[in-house]
Amino acid sequence: MNAAPILNPFSLFVASIFTSNILLANFLGMCSFISISKDMTSSNGLGMAVTVVLTITAALNWVILHHVLIPLQVEYLRFIVFIITIAAVVQVLEMVIDRVSQALYMSLGIFLPLITVNCAILGVSLFMEIRNYTFVQSAIYGLGSGLGWWLAIMALAAIRKKTEKSKISPGLQGPGITVITIGFMAMAFVGFSGMLAVQ
Amino acid sequence: MDINFAYFIAPVAVGGISAGLAALISVTDKIVNNYGDIKMDINNGKKEVVVKGGQPMLFGLAEKGIFVPSACGGRGSCGTCKVTVKSDVGPVMPTEIPWLTKDEIAAGVRISCQIKLKQDVAIEIPEELFYVQEYQATIERITRVTHDILEVSCKLPEGKEVTFTSGQYGQFEVPAYGKVKEKTMRAYSMSSPPSDKNRLEFLIRLVPGGIVTTYVHEHLKEGQKIRVVGPFGDFQVHDTGAQMICVAGGSGMAPFKSIFQDMIDKGTLNDREIWYFFGARTKKDVFYLDWLYKLDEEHENFHFIPALSEPQPEDDWDGPTGLITEVLDGYLKDTIDPEKEKEGYLCGSPGMLDACMKVMSDNGMESEKIYFDKFA
């Protein structure tokens, strides 16, 4: 087994938010990113939910990977197991939110269960494995990626609010201009990737 | 024999992890979703029931014998289980919006299968839902009345009675069969008269691909037990004395059979002018002809006009031909007294109904006096 990379937890945290933003550097979790960013409130709620789920699942999957799958030499099951874990965490989270805050539950609506199939969540768990993160690094990377996702969707929602009122040629309205916007955002985020690295 | 235990590691690992997570979910469910008992106030204190919290309102009401109509069984896909909620149960859910109009949302109407009971609620439902009951009926007789319509007579359990108005409908539930994995309910108008208090009769036409109609036509046996819930609906005769212009097609015969039989039972059939138009394609699609012709003969004010749109040579048909709308139009223009007030009663497919309503309004009938029962 390769040794865990020596990384300053703080720089890993900042890198996962900005320079290696899971959305804009890895282009994961695009579907909900594009569809939800129409609306600021939903974006905020979904960003929050993704952050919580990412942090918990990255840590939980690290524990399962290193204490169950690797000792039993069944690492090849990680895809299935990671997804099961994610689905279960989302279920639990949904029940808790439903009970604790009806307003948040309503504003997240169908998007809460859909987090299960958000590829960013599985992506983080798989990166955690490929990059041999320690438990702490995994949790920090999960939290950072979640915050990065949240930041990116809020930024895009804000920009889309502006573009809604701008004059855009008919062929580019809607998804067209959104994807172009995402491209520019990605360039801005990735532009600093030399300064901080996630591995 | 050598058993390589390595083969078992993977399933056991996945199974163990899944079991652990499932346990976590069910423990959370037990703790988080325990809402205790919920008190439901119905129609401003008319009735009060206490049910277990955490379940959808529709099921909570059904548990206490209050059956809000539901065609899909609580999956939120039919939008019929509407109730008016007077207390705060949170904002309208996205799953409800397609079924509610702006006015309904403003009035507090909600889809009861989508509302989870979390705190005490106050709701309003139509008064007649209190009379809705659930019956484990026995199929007494299945009679084929045309090549695609069956008359299904259900006997209610001993000691149970039903009170309904002619024109109302009941919900008929068939069990899972073949590729259909869930028991399914569909609404059918009662064709039996209200005087028959321990029997419900339905006319069920085979709809190609229909879940319930296919079951009824291919699997239902006499003597079988079937769950029936009812009565529902507000299609009924309005007691005004105006001329009744009734139009039906296919199994749309059902409410009219009940209505006319009810009038005979009450002795009111002679009280008003009744025109009953029945549209069919060929002679093999018309039924109850003997009974209706007899009524036509015996009662001066009762007129039965069956019309065939595609009469076959072997039908030997000398009655009116053409689409029912054309026949209706002709009668409204030439035969039916234009001076006397008229009320329209329609039962049939949406296409036929819309066409007939247009003919009626074109002939000067007021659209608010045209009552209908549309098959969805």
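Basis of the calculations
- Residues numbered from 1 in each chain as written.
- Chains lettered and ligands numbered in written order.
- Predicted model: local features only at pLDDT ≥ 70, side-chain atom pairs only at ≥ 80, totals over all residues.
- Helix = DSSP H or I, 4+ residues; strand = E, 2+ residues; numbered from the N terminus.
- Buried ≥ 20, exposed ≤ 12 C-beta atoms within 10 Å, placed from the backbone.
- Contact = placed C-beta atoms within 7 Å.
- pLDDT = per-residue confidence, 0-100.
- Core = buried A, V, L, I, M, F, W, Y, C linked by C-beta atoms within 7 Å.
- Expected span 1.5 Å × (residues − 1).
- Arc of directions from axis to C-beta.
- Axes fitted to C-alpha atoms, helices over the stretch in contact; angles between N-to-C directions.
- Parallel < 35°, antiparallel > 145°, perpendicular 65-115°, else oblique.
- Nonpolar A, V, L, I, M, F, W, Y, C, P; charged D, E, K, R; others polar.
- Left-handed = near helix turned anticlockwise from the far one by under 90°.
- Pairing = 2+ DSSP bridges.

(A) Region of the structure containing the overall build of chain A. Secondary structure summary: chain A contains nine helices and zero strands in total. When the helices and strands of chain A are placed in sequence order, the string is α-α-α-α-α-α-α-α-α. Within chain A, the fraction of its 199 residues that count as buried is 42%. Partitioning the contacts of chain A with sequence separation of at least 6, the portion at a separation of at least 24 is 83%.

(B) Representation of the overall build of chain B. For chain B, the count of helices and strands is eight helices and 16 strands. Burial status across chain B gives 36% buried among its 376 residues.

(C) Geometry of the confidence of the model for chain A. Averaged over every residue, the pLDDT of chain A is 86; residues scoring 70 or more account for 96%. Per-element mean pLDDT across chain A ranges from 73 in helix α5 (residues 102–108) of chain A up to 92 in helix α8 (residues 135–165) of chain A.

(D) Broad picture of the nonpolar core. Phe 202, Cys 246, Val 247, Tyr 276, Phe 277 and Cys 356 of chain B are the most contacted members of the largest nonpolar core, which totals 88 residues. Within the second largest apolar cluster, 59 residues are counted, among which are Val 53, Leu 54, Ala 120 and Leu 122 of chain A.

(E) Spotlight on the confidence of the model for chain B. For chain B, the average pLDDT comes to 88, and 99% of its residues sit at 70 or higher. Both confidence scores are given for the complex: pTM 0.58, ipTM 0.77.

(F) Broad picture of helix α8 (residues 350–362) of chain B. All names here are of chain B. Helix length check: α8, at 13 residues, gives a terminal C-alpha distance of 18 Å against a target of 18 Å (1.5 Å per residue), a fit within 8%. The complete set of buried residues in α8 reads Met 352, Leu 353, Ala 355, Cys 356, Val 359 and Met 360. Seen end-on, α8 carries its buried residues on one side only, within an arc spanning 165°. Exposed residues lying more than 90 degrees from the buried face of α8 are Pro 350, Gly 351 and Asp 362. Turning to α8, the residues buried within the fold contact β12 (243–249), β13 (274–280), α7 (324–334), β15 (342–348) and β16 (370–374). Just beyond α8, the residue with positive phi is Gly 364, at close to 85°.

(G) Seen up close, the packing of helix α4 (residues 78–100) of chain A against helix α1 (residues 6–32) of chain B. One way to put it is that α4 of chain A packs onto α1 of chain B with a least axis distance of 10 Å and a crossing angle of 0°. Between α4 of chain A and α1 of chain B, the angle is such that the two are roughly parallel. Residues Ile 80, Val 81, Ile 84, Thr 85, Ala 88, Gln 91, Val 92, Met 95, Val 96 and Arg 99 of chain A of α4 of chain A form the contact with α1 of chain B, whose own contacting residues are Val 14, Ile 17, Ser 18, Leu 21, Leu 24, Ile 25, Thr 28, Asp 29 and Val 32 of chain B. Class assignment of the residues belonging to the contact of α4 of chain A with α1 of chain B gives a composition of 13 nonpolar, four polar and two charged.

(H) Local environment of the packing of helix α7 (residues 119–130) of chain A against α8 of chain A. Residue and element names in this part refer to chain A. Where α7 meets α8, the axes come as close as 10 Å, and the angle between the chain directions of the two elements is 150°. Classified by the angle between their axes, α7 and α8 sit roughly antiparallel to one another. By crossing handedness, the relation of α7 to α8 is classed as right-handed. Residue-level inspection shows Ala 120, Val 124 and Met 128 of α7 in contact with α8, the latter providing Ser 138, Tyr 141, Gly 142, Ser 145 and Trp 149. Each residue belonging to the contact of α7 with α8 can be placed in one class, and the counts come to five nonpolar, three polar and no charged.

(I) Representation of the pairing of strand β11 (residues 225–232) of chain B in the model. All names here are of chain B. With six bridges connecting them, strand β6 (residues 133–144) and β11 associate as antiparallel partners. Bridge pairing in β11 links Glu 134 to Val 229. As paired elements, strand β8 (residues 169–174) and β11 share four bridges and run antiparallel to each other. Each bridged residue has a counterpart across the sheet, and for Phe 172 the counterpart in β11 is Val 228.

(J) Quick look at helix α4 (residues 211–218) of chain B. All names here are of chain B. For α4, every residue scored as buried is listed here: Val 212, Thr 213, Tyr 215 and Val 216. The buried residues of α4 all sit within an arc of 160° when viewed along its axis, so they share a single face. Turning to α4, the residues buried within the fold contact β7 (149–155), β8, β9 (184–189) and β10 (199–205).

(K) Main features of the sheet that holds β7 of chain B. Residue and element names in this part refer to chain B. Strand order in this open sheet of six strands is β9-β8-β11-β6-β7-β10, and the pairing throughout is antiparallel. The sheet is open, and its two borders are formed by β9 and β10, each paired with just one other strand. The average undirected angle you get between the axes of adjacent strands in this sheet is 40°. Bridge count for β7 against β10 is seven bridges, and the pairing is antiparallel. Its bridge partner being in β10, Cys 154 is matched across the sheet by Leu 200. Relative to β8, α4 is tilted by about 70°, and along the sheet it contacts β7, β8, β9 and β10.

(L) Highlighting the sheet that holds strand β14 (residues 302–308) of chain B. All names here are of chain B. What the five strands build is an open sheet, ordered β14-β13-β12-β15-β16; its pairing is parallel. Across the chains shown, the open sheet's two edge strands, defined by having one partner strand only, are β14 and β16. For this sheet the average axis-to-axis angle between neighbouring strands, irrespective of direction, equals 10°. This element, α7, spans β12, β13 and β14 of the sheet and lies at about 155° to β13.

(M) Seen up close, unusual backbone geometry. Pro 231 of chain B follows Gly 230 of chain B through a cis peptide bond whose omega is -5°. With a phi close to 55°, Phe 27 of chain A is a non-glycine residue in the positive phi region. Examined against the element boundaries, Phe 27 of chain A turns out to sit in the loop between α1 (9–17) and α2 (30–36). Although it is not a glycine, Gln 73 of chain A sits at a positive phi angle of roughly 55°. Within the fold, Gln 73 of chain A resides in the loop between α3 (40–69) and α4.

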